[in-house]
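Listed below are the residues making up each chain.
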Amino acid sequence: MLRTFVVLATFLVATCAACGQNGADPGPRGSPSTSTSVATSAPAELAGYTAKERQAYEGAVSAYEAFVKRSNHFYAVGETSVAAKDFYQRYSIDWATAWANLAQAANNHIKVSGPTTVVWTKPVTISVRSTAGDAITIKRCLDESKWTVEQNGKKLAQPQLKSPHVYTVQLEKRPRETWWRSGEPKLGATC
Amino acid sequence: MLTRCLVALLLAFSLPVVVAVGPAHAGGGGCPPGTAPVTAHGGVVCAVVKTPGAPSQPGDPGSSGSSGHTPAGCYKKDGTEVPCQTSDGSWWSGQQCYAAPSKAPKGTPAWQGHTNGSVWACTSCGASGACTVNVIWVAPGHQPGPPSPAQLAATAIGMLRLAKAEVHTAPAAPAPTYVGVQNWLWIPQAQWTTLSKSVTAGPTTVTVTAEPEEVSWDVGPTTITCNGTGQPWTRGMTDAATTDCGYTYTQDSASQKDGTFPITAVIKYHVAWTCAGPCSTAGGDLGLVDAPVGTSALRVLQRQTVVVR
């Protein structure tokens, strides 16, 4: 009985530790591996994942931040350049959609700039598959209130950006590719 | 502690379901009036969005291929050949760009209010490093891309050198023939050859095969069909020699223009095609296709008979 309670308590503690800041869980999470290589020093949101999964997650998030930084530059310039196309073809899961989004902004003379504050980032699922590639879904709470949106040189009010929102993003590392590709962020509720 | 964790777990599973960018704003009315949600900068902004691109013109994907002499492959309007497939997508001759399917969420401006069909990013990049990109909605049943197998087949037929019949008759013009005399009709055996041509567009290759099936002869007063080349007449043949392709005139040609009956011959080929690679159709039968017309003429005379008692 005592043993059963200890196992259950351990599971709940590990799971609850992944709930994140302010107790606001970003949503459903994948099943962490049952491997025994769970490290006790893992960040709270990564508790329950193996060292390999944590490493993949950290690499993917880091790659996504680099992706966003580069992508944001194209939106700040507001042009559909060959460099932007090449970038999305290499680093997007669905390049045509990412490219069409940029085109939509550029064709309507929209420029977006300004910093995005990442309030928190958490894993939803982490799947590390040696032959099939790696796939990670993350949720991020983003504060976009400092964005500046201009259309035809005029500033546009963005009331919907006042509150931070949760975004879900898929990231994948395809077989025979050594880099991460990013999906289009899907907008969720306010965080 | 246990209670707090259980509460946290319950909260975790009670969060709202994440929805796609477009519908979330379009339906939620998050944007000020007169603006629409645009995915940008890793998020969604509200802006005035004009029509993102004209709807496609149906039936204009890829190379036209409909003309019998249109070369295979993909071309710009100025005649420059371009690859049918690149990393930017498939060549769309109607829009003069490379088309790639976009998964823009329904309800976003790219869909132009439609709920079916598909949305494509139509890209054309210049040497300057700038690209023109139109986001185009395409009606259901239409899809930009390389020529269809049927179009490729039509193109390949135009590239086949179907034989123009080389008309032979016996008696041979300009010598006259006579009413009541059987005239032998034939074309050279060398023209009775199966022809084949393949054309490739991207990963798809279509091969058309044209097999001669019959020769249609118009001898003036009537037409006849011969199921082969016809038997050539050669000097020294006896009266016992016969042909399966001949015609006996019952009237002279004196009243005809130039005093001759015009003769034409057309080899009819049975044409079929097969497709290899990614194909919407494995093959097809195009039926009988006419080769170019071969011509000649025969002067037909009336021979007068005198009975001597």
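Just above, that's the structure.
Treat the numbers as computed from the prediction; the structure is a model and nothing was measured.

About the thresholds
- Residues numbered from 1 in each chain as written.
- Chains lettered and ligands numbered in written order.
- Predicted model: local features only at pLDDT ≥ 70, side-chain atom pairs only at ≥ 80, totals over all residues.
- Heavy atoms only, no water.
- Disulfide = S-S within 2.5 Å.
- Helix = DSSP H or I, 4+ residues; strand = E, 2+ residues; numbered from the N terminus.
- Buried < 20%, exposed > 50% of the residue type's maximum accessible area, 1.4 Å probe, protein only.
- Polar contact = N/O pair within 3.5 Å; in protein donor to acceptor, adjacent residues only side chain to side chain.
- Contact = heavy atoms within 4.5 Å.

Novice: Please explain the state of the cysteines as it appears in this structure.
Specialist: The bond known as a disulfide is covalent and runs between the sulfur atoms of two cysteines. Residues and elements named next belong to chain B. For the coordinates displayed, the defined rule picks out five disulfides over all chains. One disulfide in the model links Cys31 with Cys46; its S-S distance is 1.9 Å. Handedness here is read from the sign of the S-S torsion; for Cys31 and Cys46, about -80°, the answer is left-handed. Of this pair, Cys31 sits in the loop between helix H2 (21-28) and strand E1 (36-40) while Cys46 sits in strand E2 (residues 43-47), and the two are 15 residues apart along the sequence.

Novice: What is the right way to read the environment of Glu53 of chain A from this model?
Specialist: Residues and elements named next belong to chain A. With respect to the helices and strands, the residue Glu53 is situated in helix H2 (residues 51-77). The class for Glu53 is buried, based on a relative accessible area of 10%. Taking the C-alpha atoms as reference points, Glu53 and Thr125, separated by 72 residues in sequence, lie 9.8 Å from one another. A polar contact of 2.9 Å, which involves the side chain of Glu53, links it to the backbone nitrogen of Thr50.

Novice: Just checking my understanding: could you explain helix H3 (residues 149-159) of chain B for this structure?
Specialist: In an α-helix, one turn spans 3.6 residues, which is why side chains three or four residues apart end up on the same side. All names here are of chain B. Within H3, eight of the 11 residues are buried, which leaves it mostly tucked inside the rest of the structure. Of all the positions in H3, only Pro149, Gln151, Leu152, Ala153, Thr155, Ala156, Ile157 and Gly158 are classed as buried. On the buried face of H3, the contacting elements are strand E13 (195-201), strand E14 (204-218), strand E17 (261-276) and strand E18 (283-290).

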